[in-house]
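Each chain, letter by letter, is given below.
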Amino acid sequence: MAPSIPNDIYQYSLRSAYNAGLKDGGPPVAFLTNHGTHGFGIFEAEEDDDGTEQPPRDMIQVDSVAYAFDKDGNAERADKQDQMPFTMVTVFNPVQRVKLPSGTTHKRVLELFAGRSKNTPLSFRITGAFKYINTQQETHWDVKGTVFGFCIPVWQKEVSGDGLQCCFLSEDKKRGGRVLDLETGEGAVVDYGKCGRFHLGFPQDPEYEQLRI
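Residues numbered from 1 in each chain as written. Predicted model: local features only at pLDDT ≥ 70, side-chain atom pairs only at ≥ 80, totals over all residues. Heavy atoms only, no water.

## Notes on the pattern of salt bridges
Part 1: Scanning all chains against the criterion turns up ten salt bridges.
Part 2: Linking Arg-197 and Asp-8 is a salt bridge whose minimum nitrogen-to-oxygen distance equals 3.0 Å. Here the residue Arg-197 occupies a position in the loop between strand E12 (189-194) and strand E13 (198-201), and Asp-8 occupies one in the segment before strand E1 (9-12), the gap between them amounting to 189 residues.
Part 3: Assessed through its relative accessible area of 42%, Arg-197 is described here as partly exposed. (Salt bridge = Lys/Arg side-chain N within 4 Å of Asp/Glu carboxyl O. Helix = DSSP H or I, 4+ residues; strand = E, 2+ residues; numbered from the N terminus. Buried < 20%, exposed > 50% of the residue type's maximum accessible area, 1.4 Å probe, protein only.)

## Digging into the pairing of E12
In regular strands, side chains alternate between the two faces of the sheet.
Part 1: In terms of burial, E12 is largely enclosed, as five of its six residues are buried.
Part 2: Pairing between strand E7 (residues 96-99) and E12: four bridges, direction antiparallel. Bridging across to E12, Val-98 finds its partner in Val-190.
Part 3: When strand E8 (residues 122-135) meets E12, the two strands line up antiparallel, connected through six bridges. (Pairing = 2+ DSSP bridges.)

## Overview of the sheet that holds E1
Part 1: One open sheet accounts for seven strands, arranged E5-E4-E3-E2-E6-E1-E13; its pairing is mixed. Edge positions in the open sheet fall to strand E5 (75-77) and E13, since each of these has one partner strand only. Neighbouring strand axes in the sheet, compared pairwise and without regard to direction, differ in orientation by 15° on average. (Axes fitted to C-alpha atoms, helices over the stretch in contact; angles between N-to-C directions.)

## Details of unusual backbone geometry
Part 1: At Asn-7, a residue that is not glycine, the phi angle is positive and equals roughly 70°.
Part 2: For Asn-7, the location among the structural elements is in the segment before E1.
Part 3: One non-glycine residue, Ser-13, lies in positive phi territory at about 70°.
Part 4: With respect to the helices and strands, the residue Ser-13 is situated in the loop between E1 and helix H1 (15-19).

## A closer look at the nonpolar core
Part 1: Counting residues in each nonpolar core, the largest one holds 20 residues, and the members touching the most others are Phe-113, Phe-124, Ile-126, Val-147 and Val-190.
Part 2: Sorting the residues of this core by element identifies helix H3 (106-114), E8, strand E9 (139-152), strand E10 (163-170), strand E11 (176-184) and E12 as the ones contributing at least two each.
Part 3: Broken down by element, this core gets its largest block of residues, five residues, from E8.
Part 4: In this structure Val-147 touches Phe-124, Arg-125, Ile-126, Phe-130, Ile-133, Cys-166, Cys-167, Phe-168, Val-179 and Leu-182, once residues within four positions along its chain are discounted.
Part 5: In this structure, Phe-69, Ala-75, Phe-150 and Ile-152 belong to the second largest nonpolar core, which totals 19 residues. (Core = buried A, V, L, I, M, F, W, Y, C linked by side-chain atoms within 4.5 Å. Contact = heavy atoms within 4.5 Å.)

Here it is as structure tokens:
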């Protein structure tokens, strides 16, 4: 891929391909640091000792460090060799900052971005206090931490996902997960930057070419 430029988005595979079943392989965590400082992704599914397949772990990259969330919302540093069949990463260099009123919801954040970047994807980070954050793993109440991810325009849904694609990492970096809904507390701020160029890497294995997407 081309050299990394601030706020360019580097993505591997299509979200529609992942949803269609291409959930193996992909670049390792080491790929992230080559192309960005912040990111979002999904790891390959793993098996327990008894062979039971576990739900895929979500990934957040913050300040060049990647974290993985298990099904219970526990966070740990990701192994550099762990592979991601879908991931997005950027050299995050925000150009706008907005102080969010207490009580700002997931829907309101989407509306804010739609008014400023309707047809262009952007990367964003929300930091500070949250009244609650509902993740795919669990709901957190009265918590501080960081939400990082990407706001995807409607036309790009099948390529990168729908709406806000993001994860939460608690201030102590021990808990978090993929964000479904949120409400900010006092003092929360959002930093964001519009994407100037979008780089897409396609899977090269035969399974990809057999998908109906």
